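# Analysis of the macromolecular model
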Amino acid sequence: MLTRKIAYVDLSPDVSGRTETVPPEWRRRYVGARGVNMHLLYSRYPPVDPLSPDNPLIFGCGLLTGLPGFGSGRMNVTAYSPASGNLGDSNVGGHFGPELRFAGYDHLVITGQSPRPVYLLIQDDRIEIRDASRLWGQTTLETQQMLRHELNDDRLRVLTIGPAGERLVRMASIITGPKDAAGRFGMGAVMGSKNLKAVAVRGSQDLTVAHPRELLDYGREQLDALWRRKWVQALGRQGTPLLIAPANEGGWLLTRNDQAGPLGERGRSMYAESLEPYSLGMASCFGCTVHCRHRHEIKGGPRGEGPEYSVFGWGAANLDVPDTEFVIRANDLVNAYGMDVMDTLVMIGFAFELYQRGIISRSTAGGPLEWGDGETALALIHQIARREGIGDILAEGSYALAKLPREAGPYLLRVKNAIVGPAPGGRVVKSFALGHSVATIGGHLHRNRPGIDVLGLPPQVLADLYEGPASSDYRSYEGKARMVWWHELLYAVCDSLGFCRFQTVFNSPHAPQYPQYQRLIQLALDWDMSVEELREAGERIYTTERLLLGRLGVGTREHDTLPQRWLEEPVAGGPCQGEVIDQAQLDRFLDQYYALHGWDNNGQPRPDTVKALGIA
Amino acid sequence: MPVRVRLFGRLRGIVGCDELVVQGSPATVGELVRLLAQQYDTRIQKELLDEGGDIDHSYAVFIGGQRAGGTDSAVQEGQEVTITSMIAGGFGC
Ligand code: SF4
């Protein structure tokens, strides 16, 4: 814990690797995981074609990944994104991150390209590049099983791509376990472009901490406090699918690529209770007592994990297939092929809308693409992963537009060329929508997702939390710049520590945040890091990401926008009918938001801000 | 006029059924919760309300398809009430 290493591996023939101690000042200033990954990318790797050997694929563990509690099994995978052409960064849970730390490494930077399929085996100080020809073509689960069997080690932790990553499907993910995914932004395609099938790790080293007994006591105290919360117990019982009910009843879970209103009564058949006949109990990532994910089995079929709320939202509601068994099958298929569940299902909904509008013909589509047809949706998942028929076009994600008629453009909802899709709540929950316009990885909810305003809390609770006024009406624009900015900083720190979002101010205002982090850092590392210093680290990380966007040509105001549908088409039905994002309010939001970050009115970090943060 | 209350999420697990019918004519959510506790299970009130007596933020109450803002939200005759678990979210994860 006190001294950590980065391993640099180049897969090109005849290039040797090296290791380096993570400079202590990097850890102090960028914390770890996402923060240090971004610093590495910014300071050492200029933008390149994301599928070229020079694109670094950076795996980074958090400063406190591997400690008991707080959902500390998380890490980030960062590279230039083949999905958007811009910045790619994906957070993954499970058990891989802690194991990499037990092997002695906090970061792994992979460059180059192997002439044949290989995998990386890390066993403490030994890092080997091994032949993976027999693994090539296998699903994500098969690959993990084969490696465990071959190496005779049931506790081997593996990050792997599936057939989709091998075929450079732009939304390919990297998977560990049945479903933990570095899912967004095509990190699996980057891995595939290097001919790297998997990274397997086994570590036997201790994580040394400064004050072990006090750390354990404090960790237990915090976990007990967390577990007493009703919302944590609800999450531990039903997982994220508990959200289907309020989202459908509240009218922000929309259908048909955001064209139509909510499912209403029909949607009730897929509320979280509908998972019970399939459930084998709940599972957890490393270091987590919340256990928010379902283990499931369809009779006669394989076992799996999930599905999360997102598969119900982007799959069942979006495609108008309110059928839980369809959702489970789609979830398992996408994970087996190693694709991002959201982008894959969004591309299928996009294709359905193009067919509905006559923009693509039956022959181009390979048959009818009708809303509500789950079997066709499942067939399209196979086709995308294998790049067959129309699947070869859809596998290009945002880049599919180059191969489709021009009229198709507005129906693929994007920000900074990253797929947003019909994100439930996109026009309704204003803080959430506005956050998409400025997220540093393109329109993605996880950079800043506020949403505490949907809880209907007294305004004073929000004012205290955000240290300034923020409306507790989720349809209001007031104070939402402050909310978005506040969450950006907190999440940058949370990710960089290696903690799970579900155990910070994400689902509830009453969850651990800076003061608890400060204490944990003190007990683990003996560092006195003030709340202000932590927040400043969050600002440094976020501003570094914004500077990277500047280098990529998308870091200015004109790129901070939202999909046309959210700005021009009001919600078509249900309790939120008529909701839309007002352009003038978006402009006002940007003015306030840039000022909070210390960026100029065009959205570029001011030189004095960059200097004060010490970004170089 | 009886009020039909449909339960999803944690409260369904606590009460052990998916639907309750409240006898009487509660005018507000607060009265409805009190009647639910009286007629079915006292744990309902403890579970649904926070220390200040308002709807706990781990629950959402919908009346006739609209989200209730608090315990003083009106319940109209013939409206269906739906109670679900709630965390911040429902938009993306
Ligand atoms: S809350 Fe869920 S996602 Fe987070 S660490 Fe725990 S099991 Fe993993």
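Heads up: these notes are all about the structure in this document. Since the model is a prediction, treat every value here as computed from it, not as a measurement.

What follows deals with the overall build of chain B. Tallying secondary structure elements over chain B gives 3 helices and 5 strands in all. Its C-alpha atoms give chain B a radius of gyration of 12 Å, within 12% of the compact-globule value 12 Å for 93 residues. Dimensions of chain B, computed from C-alpha atoms along their principal axes, come out at roughly 40 × 25 × 25 Å. Evaluated residue by residue, chain B yields a buried proportion of 54% over its 93 residues. Relative to all contacts within chain B whose residues are 6 or more apart in sequence, the contacts with residues 24 or more apart total 45%. In the form shown here, chain B has an accessible surface area of approximately 3900 Å², with 44% of it arising from carbon and sulfur atoms.

Scanning chain A from terminus to terminus reveals 23 helices and 19 strands. For chain A, the C-alpha radius of gyration of 23 Å lies close to 25 Å, the compact-globule estimate for 616 residues. Projected onto its principal axes, the C-alpha coordinates of chain A cover approximately 60 × 60 × 45 Å. Relative to its 616 residues, chain A shows a buried fraction of 67%. For chain A, the share of sequence-separated contacts (at least 6 apart) that also reach a separation of at least 24 residues comes to 68%. For chain A, the exposed surface amounts to about 19800 Å²; the carbon and sulfur share of it is 48%. The average position of the 64 basic charges and that of the 70 acidic charges among the side chains of chain A differ by 1 Å.

With 29 residues of chain B at the contact, the number on the chain A side is 46 residues. Buried surface at the junction of chain B and chain A, both sides included, amounts to about 3000 Å², of which 63% is carbon and sulfur. On inspection of chain B and its partner chain A, the count reaches 3 salt bridges. In this structure, the connection of chain B to chain A is made through 11 residue pairs in polar contact (both at pLDDT 80 or more). Of all the secondary structure elements, the ones that give two or more residues to the side of chain B that touches chain A are α1 (10-15), α3 (43-48), β3 (59-63), β4 (66-67) and β5 (81-85) of chain B.

Residues and elements named next belong to chain A. Across the sheet, 3 strands lie side by side as β15-β16-β17; this open sheet has antiparallel pairing. The sheet terminates laterally at β15 (279-283) and β17 (303-305), the two strands that pair on one side only. Here the average twist between neighbouring strands, direction ignored, is 20°. Judged from the 3 bridges that link them, strand β16 (residues 293-297) and β17 form a sheet pairing that is antiparallel. Along β17, the bridge assignment pairs R295 with E305. Strands in contact with helix α8 (residues 230-238) are β15 and β16; relative to β15, the strand with the most contacts, it is inclined by about 135°.

Attention now moves to the site of the ligand. What surrounds the ligand is the set G71(A), R74(A), S284(A), C285(A), C288(A), V290(A), C292(A), R293(A), C500(A), F502(A) and Q503(A). For the shell around the ligand, a count of residues per class yields 6 nonpolar, 3 polar and 2 charged.

Let's shift gears to the environment of P459(A). On the secondary structure map, P459(A) appears in helix α17 (residues 459-466). The exposed category is assigned to P459(A), whose relative accessible area is 54%.

Further remarks concern the pattern of salt bridges. Taken as a whole and judged by the stated rule, the model has 56 salt bridges over all chains. We note a salt bridge from R606(A) to D608(A), for which the minimum N-O separation is 3.1 Å. On the basis of relative accessibility, which here comes to 33%, the residue R606(A) falls in the partly exposed class. Residue D608(A) is classed as partly exposed on the basis of its relative accessible area, which comes to 46%. Each member of the salt-bridge network shares a partner with another, and the members are E249(A), E265(A), R268(A), R4(B), R6(B), E19(B) and E80(B).

The final tally for this structure, using the stated rule, is 14 aromatic pairs over all chains. Here Y271(A) and F8(B) contribute two aromatic rings whose centre-to-centre distance is 4.7 Å and whose plane-to-plane angle is 80°, an arrangement assigned as edge-to-face. Here F8(B) lies in the loop between β1 (3-7) and α1 and Y271(A) lies in the loop between β14 (260-262) and β15, a pairing that spans two chains. Both residues of the pair, Y271(A) and F8(B), belong to the buried class. Here the aromatic rings of Y594(A) and W599(A) are separated by 6.4 Å at their centres, their planes lie at 35°, and the arrangement is tilted. Each of the two residues, Y594(A) as well as W599(A), counts as buried. Just above the ring of F185(A) sits the side chain of R184(A); from NZ or CZ to the centre is 5.6 Å. One Lys or Arg, R519(A), reaches over the ring of Y218(A) and ends 5.6 Å from the middle of that ring.

All names here are of chain A. Core analysis: the biggest nonpolar cluster contains 152 residues, and L64 and Y593 have the highest contact counts within it. Look past the residues within four positions of Y593 in its chain and what remains in contact with it is V438, A481, V484, W485, E488, Y542 and W599. Counting 57 residues, the second-largest nonpolar core is a separate cluster that includes V9, C61, V118 and L613.

To continue, consider helix α2 (residues 29-39) of chain B. V29(B), L32(B), V33(B), L35(B), L36(B) and A37(B) are the residues of α2(B) that are buried. Tucked into the core, α2(B) has its buried residues touching β1, β2 (19-22), α3, β3 and β5 of chain B.

A word on helix α2 (residues 33-44) of chain A. Under the 1.5 Å per step criterion, the end-to-end length of α2(A) is 16 Å for 12 residues, consistent within 8% with the ideal 16 Å. Of all 12 residues making up α2(A), 10 are buried, and the element is well covered by its neighbours.

Here T143(A) is to be found in helix α4 (residues 140-150). Setting aside residues no more than four positions away along its own chain, T143(A) makes contact with L135(A), Q138(A), T160(A), I161(A), K197(A) and A198(A).

What follows deals with the pairing of strand β3 (residues 57-61) of chain A. Residue and element names in this part refer to chain A. Burial within β3 is extensive, with 5 of its 5 residues counted as buried. Burial along β3 is two-sided: the residues L57, F59 and C61 and I58 and G60 are all buried. In the sheet, β3 pairs with strand β6 (residues 105-111) via 4 bridges, with the strands oriented antiparallel. Bridging from a neighbouring strand, L57 pairs with I110 of β6.

Further remarks concern the packing of helix α7 (residues 212-227) of chain A against helix α19 (residues 514-525) of chain A. Residue and element names in this part refer to chain A. With their axes 9 Å apart at the nearest point, α7 and α19 run at an angle of 160° to one another. Comparing their axes, α19 and α7 come out roughly antiparallel. Crossing of α7 against α19: the hand is left-handed. From α7, E214, L215, Y218 and Q222 reach across to α19, where they touch P515, Q516, R519, L520, L523 and A524. In terms of residue class, the contact of α7 with α19 is made up of 6 nonpolar, 2 polar and 2 charged.

Conventions we followed
Residues numbered from 1 in each chain as written. Chains lettered and ligands numbered in written order. Predicted model: local features only at pLDDT ≥ 70, side-chain atom pairs only at ≥ 80, totals over all residues. Heavy atoms only, no water. Helix = DSSP H or I, 4+ residues; strand = E, 2+ residues; numbered from the N terminus. Rg over C-alpha atoms; globule rule 2.2 N^0.38 Å. Buried < 20%, exposed > 50% of the residue type's maximum accessible area, 1.4 Å probe, protein only. Contact = heavy atoms within 4.5 Å. Areas by Shrake-Rupley, 256 points an atom, 1.4 Å probe, with all protein chains shown as cover. Lys, Arg positive; Asp, Glu negative; His and termini not counted. Charge placed at Lys NZ, Arg CZ, Asp CG, Glu CD. Buried area = accessible area lost by both parts, 1.4 Å probe. Salt bridge = Lys/Arg side-chain N within 4 Å of Asp/Glu carboxyl O. Polar contact = N/O pair within 3.5 Å; in protein donor to acceptor, adjacent residues only side chain to side chain. Pairing = 2+ DSSP bridges. Axes fitted to C-alpha atoms, helices over the stretch in contact; angles between N-to-C directions. Near = heavy atom within 4 Å. Nonpolar A, V, L, I, M, F, W, Y, C, P; charged D, E, K, R; others polar. Phe/Tyr/Trp six-rings, centres within 6.5 Å; stacked < 30°, edge-to-face > 60°. Lys NZ or Arg CZ within 6 Å of the ring centre and 35° of its normal. Core = buried A, V, L, I, M, F, W, Y, C linked by side-chain atoms within 4.5 Å. Expected span 1.5 Å × (residues − 1). Parallel < 35°, antiparallel > 145°, perpendicular 65-115°, else oblique. Left-handed = near helix turned anticlockwise from the far one by under 90°.

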